[in-house]
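Understanding the architecture of this molecule
Spelled out, the chains give:
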Amino acid sequence: TSGCVRASAVDGAQHGFRSLVVADASGDRSAEAHETSLGSIDELYGDVVSTADALEYLRELQSGVPRTVFLSDH
């Protein structure tokens, strides 16, 4: 999470995208590094969500009626 995932979120933000990072589908060398990186990503570059939230969002997109709004509350 502290390497490639964070770098991808930063790169995306620099190009005008807000990334969704699925917290329970990523990891790091330690739980502390993982949580610290997720906090940074959620605060600055994207939205950290659960697998369930990401799947719900994708289903909404597929239906043509996206209603989900992710707020940085992590």
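**A look at the overall build of the protein**
- Counting its secondary structure elements, the protein contains three helices and two strands.
- Counting helices and strands in the order they occur from the N terminus, the protein gives α-β-α-β-α.
- Relative to the globule expectation of 11 Å for 74 residues, the C-alpha radius of gyration of the protein, 12 Å, shows essentially globular dimensions.
- With respect to the principal axes defined by its C-alpha atoms, the protein has extents near 35 × 25 × 20 Å.
- Expressed as a percentage of its 74 residues, the buried residues of the protein come to 30%.
- In the protein, of all internal contacts separated by at least 6 residues, the share reaching a separation of at least 24 is 67%.

**Quick word on helix H1 (residues 4-14)**
- Along H1, the residues that are buried comprise Ala9, Val10 and Gly12. All buried residues of H1 fall inside an arc of 160° around its axis, so they share one side. For H1, the exposed residues set more than 90 degrees away from the buried face come down to Cys4 and Gln14.
- In this structure, the buried side of H1 is in contact with strand E1 (19-22) and helix H2 (31-44).
- Gly16 occupies a position one or two residues after H1 and carries a positive phi of about 90°.

**Describing helix H3 (residues 51-63)**
- Taking 1.5 Å as the rise per residue, H3 with 13 residues should run 18 Å; its terminal C-alpha atoms sit 18 Å apart, in good agreement.
- Just past H3, the residue Gly64 takes up positive phi, approximately 85°.

**Focus on the nonpolar core**
- Core analysis: the biggest nonpolar cluster contains eight residues, these being Ala9, Val10, Val21, Ala23, Leu38, Ile41, Tyr45 and Val48.
- When contributions to this core are tallied by element, the ones reaching two or more residues are H1 and H2.
- Non-local contacts of Ile41, meaning those with residues more than four positions away in its chain, are made with Thr1, Val5, Arg6, Ala9, Val21, Gly46 and Val48.

**Examining the pattern of salt bridges**
- Under the criterion given, the structure shown has two salt bridges.
- Between Arg18 and Asp47 there is a salt bridge; the shortest N-O distance is 3.2 Å. Linking Arg18 in the loop between H1 and E1 with Asp47 in strand E2 (residues 46-49), this pair joins segments that are 29 residues apart in sequence.
- Exposure remark for Asp47: the relative accessible area of 7% places this residue in the buried category.
- A salt bridge links Asp28 to Arg29, with the shortest nitrogen-to-oxygen separation between them at 3.0 Å.
- Exposure remark for Asp28: the relative accessible area of 26% places this residue in the partly exposed category.

The rules behind the values
Residues numbered from 1 in each chain as written. Predicted model: local features only at pLDDT ≥ 70, side-chain atom pairs only at ≥ 80, totals over all residues. Heavy atoms only, no water. Helix = DSSP H or I, 4+ residues; strand = E, 2+ residues; numbered from the N terminus. Rg over C-alpha atoms; globule rule 2.2 N^0.38 Å. Buried < 20%, exposed > 50% of the residue type's maximum accessible area, 1.4 Å probe, protein only. Contact = heavy atoms within 4.5 Å. Arc of directions from axis to C-beta. Expected span 1.5 Å × (residues − 1). Core = buried A, V, L, I, M, F, W, Y, C linked by side-chain atoms within 4.5 Å. Salt bridge = Lys/Arg side-chain N within 4 Å of Asp/Glu carboxyl O.

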